[in-house]
Amino acid sequence: MDRFSDRVILITGGGSGLGRATAVRLATEGAKLALVDVSEQGLAESAAAVTEAAPQAEVITVVADVSEETDVEAYVAATLERFGRIDGFFNNAGIEGRQNLTEDFTVSEFDRVHGINLRGVFLGLEKVLKVMREQGSGRVVNTASVGGIRGVGNQSGYAAAKHGVVGLTRNSAVEYGQYGISINAIAPGAIWTPMVENSMRQLDPENPEGAAEQFIQVNPTKRYGRAPEIASVVAFLLSDDASYVNAAVVPIDGGQSAKY
Ligand code: NAD
C-alpha cells in the first residue's frame, strides 16, 4: 500500500541526516518531494538517494536558508509551482551550535542557533499553514529534540530553541485542528547523523570515537538511533494512519528521556 501516492511532501534540512532518510522513506511510499537545504551538494546527494530508492519518484530541490523570510517564501512558491499543493511538511532543518557553559555561550551564538532552529521553524509554519488552511488539509511534523523536553547541558541556545519548537507545535496544533490540519513534533535522542558526529568532535577533538562510545552508555538501548528509525515515525505522523494525533511530542530516543 502506497500511503503517500500523489501526496506532496516538503522537507527542510532535506540535504542530510534525518531529512534525507525521511525523503527516501516517503519516496518509497509514493510521495512527491520538495527538498530544501542551504547545502546544494547535500540536496544533490539526497535527490540521488531518493532516485536510487524509488526511480519513479518526482523530486525537486530548493537551495534556501530557513532563517530568511524571503527564502522561505521562495521554497513554498517553488513547491506550489511544481506540484500545486503541500500535503505534508517536515519542518526539520536545524543546527546544534557550539557547546559551552551558559556564561560562555555568547549572545551571537544564541541568536544564530535561534535564527535557524526556532525562527526558521516559525517561518515555515507561517507560510505553509496558510497553504494548508486554504486546502482544508495537511500534516506537519516539526523537529524538536530530547533537548526540547529536558535539560541537556552546554546547549543554552539549542535547548531554548527546541523547547520553543515544542511550544510552537502545541500552540499551532490547538489553532489548526479545526481546519483539518495536524501538527506534531518529534523529539529525537541521539541519532547517528553528521550533526552528532560533529558533536562528538566538540566533546573530545582528540578522541571523538571514545566520546561517542561513552555518550551512548546512558541510553537504555546502549546504541545510537539510526536515521531510518526516525523516518518511519515521521512517515506515520505525516500519513492518514495518524489522523487523530495532534499536538503530540513524540520521543524517539530508545527510552533515554524517561531515565532518571
Ligand atoms: P544534519 O546536520 O545531518 O542535517 C541538518 C541539515 O539541515 C543539513 O543538511 C544542513 O545543511 C541543513 N541546514 C542547516 N542550517 C540550515 C538553514 N539555515 N537552512 C536550511 N537548511 C539548513 O542533522 P540531523 O541530525 O539530520 O538534524 C535534523 C534535525 O534533527 C535538526 O533540527 C536537529 O536539531 C534535530 N535533531 C537531531 C538529533 C540527532 O541526534 N541527530 C537529535 C535531536 C534533534
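Preceding this paragraph is the structure being described.
Residues numbered from 1 in each chain as written. Predicted model: local features only at pLDDT ≥ 70, side-chain atom pairs only at ≥ 80, totals over all residues. Heavy atoms only, no water.

*Asks:* How would you sum up the pattern of salt bridges? Please name residues and give values.
*Replies:* A side chain of one charge can pair with a side chain of the opposite charge if their charged atoms are brought near each other. Counted by the stated rule, this structure contains 17 salt bridges. Where Glu73 meets Lys127, a salt bridge forms, and the shortest distance between an N and an O atom there is 3.6 Å. Of this pair, Glu73 sits in helix α3 (residues 69–83) while Lys127 sits in helix α5 (residues 107–135); the two residues are 54 residues apart in sequence, bridging distant segments of the chain. By relative accessible area, Glu73 is classed as partly exposed at 40%. In this structure, Glu109 engages Arg98 in a salt bridge whose closest nitrogen and oxygen atoms are separated by 3.8 Å. Of this pair, Glu109 sits in helix α5 while Arg98 sits in the loop between β4 (88–91) and α4 (102–105), placing them eleven residues apart in sequence. (Salt bridge = Lys/Arg side-chain N within 4 Å of Asp/Glu carboxyl O. Helix = DSSP H or I, 4+ residues; strand = E, 2+ residues; numbered from the N terminus. Buried < 20%, exposed > 50% of the residue type's maximum accessible area, 1.4 Å probe, protein only.)

*Asks:* Outline the packing of aromatic side chains, supporting the account with residue identities and numerical values.
*Replies:* Following the criterion strictly, the structure yields two aromatic pairs and no others. With centroids separated by 4.8 Å and ring planes inclined at 70°, the aromatic side chains of Trp192 and Tyr224 adopt a geometry described as edge-to-face. Of this pair, Trp192 sits in the loop between β6 (181–188) and α7 (194–203) while Tyr224 sits in the loop between α8 (208–215) and α9 (227–238); the two residues are 32 residues apart in sequence, bridging distant segments of the chain. A cation over an aromatic ring shows up here: Arg133 above the ring of Tyr179, its NZ or CZ 5.4 Å from the ring centre. (Phe/Tyr/Trp six-rings, centres within 6.5 Å; stacked < 30°, edge-to-face > 60°. Lys NZ or Arg CZ within 6 Å of the ring centre and 35° of its normal.)

*Asks:* A description of the site of the ligand should follow, citing residues and the corresponding values.
*Replies:* Ser16, Asp37, Tyr158, Ile191 and Thr193 are the nearest of the 28 residues found near the ligand. Between Gly189 and the ligand, the recorded distance is 2.9 Å, taken from a backbone N or O atom to an oxygen atom. With respect to the ligand, the backbone of Ile191 contributes an N or O atom lying 2.8 Å from an oxygen atom. Across the complex, the protein chains shield 91% of the 820 Å² of accessible surface that the ligand would expose by itself. If you list the elements that add at least two residues to the shell around the ligand, you get α1 (17–28), α6 (156–176) and α7. Top element by residues in the shell around the ligand is α7. It accounts for three residues. Residue composition of the shell around the ligand, grouped by class: 15 nonpolar, ten polar and three charged. (Near = heavy atom within 4 Å. Polar contact = N/O pair within 3.5 Å; in protein donor to acceptor, adjacent residues only side chain to side chain. Areas by Shrake-Rupley, 256 points an atom, 1.4 Å probe, with all protein chains shown as cover. Nonpolar A, V, L, I, M, F, W, Y, C, P; charged D, E, K, R; others polar.)

*Asks:* Could you give me a rundown of the sheet that holds β6, with the residues and numbers involved?
*Replies:* The parallel open sheet is built from seven strands, whose spatial order is β3-β2-β1-β4-β5-β6-β7. Only two strands of the sheet have a single neighbouring strand rather than two, namely β3 (59–63) and β7 (249–252). Neighbour to neighbour, the strand axes of the sheet diverge by 15° on average, direction disregarded. Strands in contact with α3 are β1 (8–12), β2 (32–37), β3 and β4; relative to β3, the strand with the most contacts, it is inclined by about 160°. Its contacts with the sheet place α6 against β5 (138–143), β6 and β7, and it is angled at close to 160° to β6. (Pairing = 2+ DSSP bridges. Axes fitted to C-alpha atoms, helices over the stretch in contact; angles between N-to-C directions. Contact = heavy atoms within 4.5 Å.)

*Asks:* Could you give me a rundown of the side chain of Glu29, with the residues and numbers involved?
*Replies:* Here Glu29 lies in the loop between α1 and β2. Here the side chain of Glu29 touches Arg3 through a polar contact of 2.7 Å, side chain to side chain. Non-local contacts of Glu29, meaning those with residues more than four positions away in its chain, are made with Asp2, Arg3, Phe4, Ser5 and Ala235.

*Asks:* Before we move on, can you summarise the packing of α5 against α6 with the specific residues and values?
*Replies:* In contact at an axis separation of 8 Å, α5 and α6 are set at 15° when each is read in the N-to-C sense. On the basis of their axis angle, the class for α5 and α6 is roughly parallel. The element α5 and its partner α6 pack so that their crossing is right-handed. Residues Phe110, Val113, His114, Asn117, Leu118, Val121, Phe122, Leu125, Leu129 and Arg133 of α5 pack against Ser156, Gly157, Tyr158, Ala160, Ala161, Lys162, Gly164, Val165, Leu168, Ser172 and Tyr176 of α6. (Parallel < 35°, antiparallel > 145°, perpendicular 65-115°, else oblique. Left-handed = near helix turned anticlockwise from the far one by under 90°.)

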